[in-house]
Amino acid sequence: MNGFYCTVEEMLAVALSKRFRNGETGFTGLATGGAAALYITGIPLAAMEFARLTHAPDLTILLAGWCINPDFSALRELPAAEFDGKLQNLPCEAQMQGYPGQYAVRRGDVDFGFGSGVQVDRRGNINSTCIGDYRRPKVRLVGSILLPEHMACFGREYLMMPHHEARSFVEQVDYVSGVGYPGGEGGRRRLGLTRGGPEWIVTPKCIFEFEPGSGTARLLSIHPGVDPEDVIRSTGFAVSTDGVPVTALPDPQELDLLRRKVDPNSVLIPHGGDAPPAPATRGTL
């Protein structure tokens, strides 16, 4: 890559950005803690801002439901909560404090969003509520939060999974916090869901898409350096790696824009560099 080294997160931010269209509105919330914050908040924000600075200047970033097109150059660390002072004081184009405002979730104003959970299954159902039987769970989790709206009211959803393990990628989730394609696209229609649904599942190892009609997850790409057998072992439902391409890396110009303009303080995502890290660090390609 002509002396450039990029992180997995940089690669995913650029790959996601190319899915967004000019004039769309994208929504992401705030997550706390390491990998969760990186995948649910950092990567989506970097991807949307990259799109705004390239092919989609009229894309609208809706952060935490009320902060519109924030100035990331003024950010020194990710806010930890929806009304964190760091977010309230962040320069932005507008703040939306009333509901419904300019953008209303249930009105269908959001074109795409980003969600996550502890389990996802082959139909794109997502679980953030409990592990085990709901009446006597092994673990009680944070709950559905806004996932039902993400998966039913948004135009499409990108499921951001910070950990790719067989216990997280299951045949059937223990609890449906956000609905994917039960019974395929026809199953969504029978539930009265006329729009939306998951488009990608993004992980540190690969990207999944969904087969039209059946709504079954299939591999779209495997990240550079990841063994296809590792993807199979880490996925609790059957997947085929035959003919699956490698996830495209950003070019040096894209990396330069990402690092210098989108995220100049390296707050949203970890940056690579002009020389190999010593020793090599996790997430570097």
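For the structure, see preceding data.
Visitor: How should the side chain of N127 be read in this particular structure?
Guide: Position of N127 among the secondary structure elements: in strand β7 (residues 126-127). A distance of 2.7 Å separates a polar side-chain atom of N127 from the backbone oxygen of C130. Apart from the residues within four sequence positions on either side, N127 is in contact with G117, V118, Q119, V173, D174, Y175 and S177.

Visitor: In this structure, what is going on with the pairing of strand β3 (residues 67-70)? I would like to understand it.
Guide: For a regular strand, the rule is simple: side chains alternate between the two faces of the sheet. Pairing between strand β2 (residues 60-63) and β3: two bridges, direction antiparallel. Directly across from L62, in β3, lies its bridge partner I68. Across three bridges, the pairing between β3 and strand β4 (residues 92-95) is antiparallel. In the strand pairing of β4, I68 is matched with A94.

Visitor: Would you mind showing me how to read the sheet that holds strand β13 (residues 206-210) here?
Guide: The strands making up a sheet associate through hydrogen bonds between their backbones, and the pairing can be parallel or antiparallel. Taken together, the nine strands give an open sheet; going across it, the order is β4-β3-β2-β1-β5-β10-β12-β13-β14, and neighbouring strands pair in mixed fashion. Both outer strands of the open sheet, β4 and β14 (217-222), are each paired with one neighbouring strand and no more. Put simply, the sheet's adjacent strands are angled 25 degrees from each other on average, direction ignored. Of the strand pairs in this sheet, strand β12 (residues 198-202) and β13 are connected by two bridges, and their pairing is antiparallel. The residue of β13 that forms the bridge with V202 is I207. Set on the sheet, helix α1 (residues 8-17) makes contact with β5 (112-115), β10 (156-160), β12 and β13; between it and β12 the angle comes to about 165 degrees.

Visitor: Explain helix α2 (residues 34-53) here, please?
Guide: Since the α-helix advances by 3.6 residues per turn, residues separated by three or four positions end up pointing in the same direction. Taking 1.5 Å of rise per residue, the 20 residues of α2 would be expected to cover 28 Å, and the 27 Å separating its terminal C-alpha atoms lies within 8% of that figure. Of all the bends found along α2, the most pronounced is centred on G42 and spans about 30 degrees, while P44, a proline, follows it within four residues. Across the 20 residues of α2, 16 count as buried, placing the element largely inside the fold.

Visitor: Teacher, can you tell me more about the sheet that holds strand β11 (residues 169-170) here?
Guide: Pairing within the open sheet is mixed, and its three strands lie in the order β7-β6-β11. Of all the strands in the sheet, just β7 and β11 have a single pairing partner and so form its edges.

Visitor: Help me understand the layout of surface pockets, please; the structure alone is not making it clear to me.
Guide: Think of a ball as big as a water molecule: rolled over the atoms, this probe shows where empty space is left. Here the largest pocket is characterised by a volume of approximately 1,200 Å³. Lining the largest pocket are 44 residues, and of these L30, I40, S116, I145 and L146 lie nearest its centre. Elements supplying a minimum of two residues to the lining of the largest pocket: α2, β5 and α4 (147-153). Residues belonging to the lining of the largest pocket are distributed by class as follows: 25 nonpolar, 14 polar and five charged. By volume, the second largest pocket amounts to about 200 Å³. For the second largest pocket, the lining is made up of 13 residues, of which Y181, E185, P198, E199 and F210 are closest to its centre. For the lining of the second largest pocket, the secondary-structure elements that each account for two or more residues are β12 and β13. Considering only residue class, the lining of the second largest pocket consists of four nonpolar, four polar and five charged.

Visitor: I tried to follow the packing of aromatic side chains on my own but got confused; where do I start?
Guide: What characterises a pair of aromatic rings is the spacing of the ring centres plus the angle enclosed by the ring planes. Per the counting criterion, the structure on display carries 12 aromatic pairs. Aromatic pair F112 and Y158: ring centres 6.2 Å apart, planes at 80 degrees, arrangement edge-to-face. In this pair, F112 sits in strand β5 while Y158 sits in strand β10, placing the two residues 46 residues apart along the sequence. Residue F112 is classed as buried on the basis of its relative accessible area of 0%. Classification of Y158 as buried rests on a relative accessible area of 0%. Taking the centre distance of 5.5 Å and the plane angle of 50 degrees together, the rings of Y181 and F210 count as tilted.

Visitor: Where do I start with the nonpolar core in this structure?
Guide: When a protein is soluble and globular, its nonpolar side chains tend to lie buried together. Counting 49 residues, the largest nonpolar core has L16, F20 and I43 as its most contacted members. Among the elements of the structure, α1, α2, β2, β3, β5, β10, β12 and α7 (252-262) are those that each provide at least two residues to this core. Per-element accounting of this core gives the leading share, nine residues, to α2. With residues near it in sequence (within four places) discarded, I43 still touches E9, L12, A13, L16, L38, M160, L268 and I269. Residues L147, F169, V231 and F237 belong to the second largest nonpolar core, which totals 19 residues.

Visitor: Would you mind going over the environment of Y103 with me for this structure?
Guide: Of note, Y103 is situated in the loop between β4 and β5. Looking at Y103, the relative accessible area reads 21%, which means it is partly exposed. For Y103 and L62, which are 41 residues apart along the polypeptide, the C-alpha to C-alpha distance reads 8.4 Å. Dropping the residues within four chain positions of it, Y103 is found in contact with T25, T60, L62, I68, M96 and D109. Of the polar contacts made by the side chain of Y103, one reaches the side chain of T60; its length is 3.5 Å.

Thresholds, definitions, all that
- Residues numbered from 1 in each chain as written.
- Predicted model: local features only at pLDDT ≥ 70, side-chain atom pairs only at ≥ 80, totals over all residues.
- Heavy atoms only, no water.
- Helix = DSSP H or I, 4+ residues; strand = E, 2+ residues; numbered from the N terminus.
- Polar contact = N/O pair within 3.5 Å; in protein donor to acceptor, adjacent residues only side chain to side chain.
- Contact = heavy atoms within 4.5 Å.
- Pairing = 2+ DSSP bridges.
- Axes fitted to C-alpha atoms, helices over the stretch in contact; angles between N-to-C directions.
- Expected span 1.5 Å × (residues − 1).
- Bend = angle between axes of the 7 residues up to and from the residue.
- Buried < 20%, exposed > 50% of the residue type's maximum accessible area, 1.4 Å probe, protein only.
- 1 Å grid on protein atoms, 1.4 Å probe; cavity = no way out; pocket = protein on both sides within 12 Å on 5 of 7 lines; lining within 4 Å.
- Points joined across faces, edges and corners; volume = space filled by probe spheres on them.
- Nonpolar A, V, L, I, M, F, W, Y, C, P; charged D, E, K, R; others polar.
- Phe/Tyr/Trp six-rings, centres within 6.5 Å; stacked < 30°, edge-to-face > 60°.
- Core = buried A, V, L, I, M, F, W, Y, C linked by side-chain atoms within 4.5 Å.

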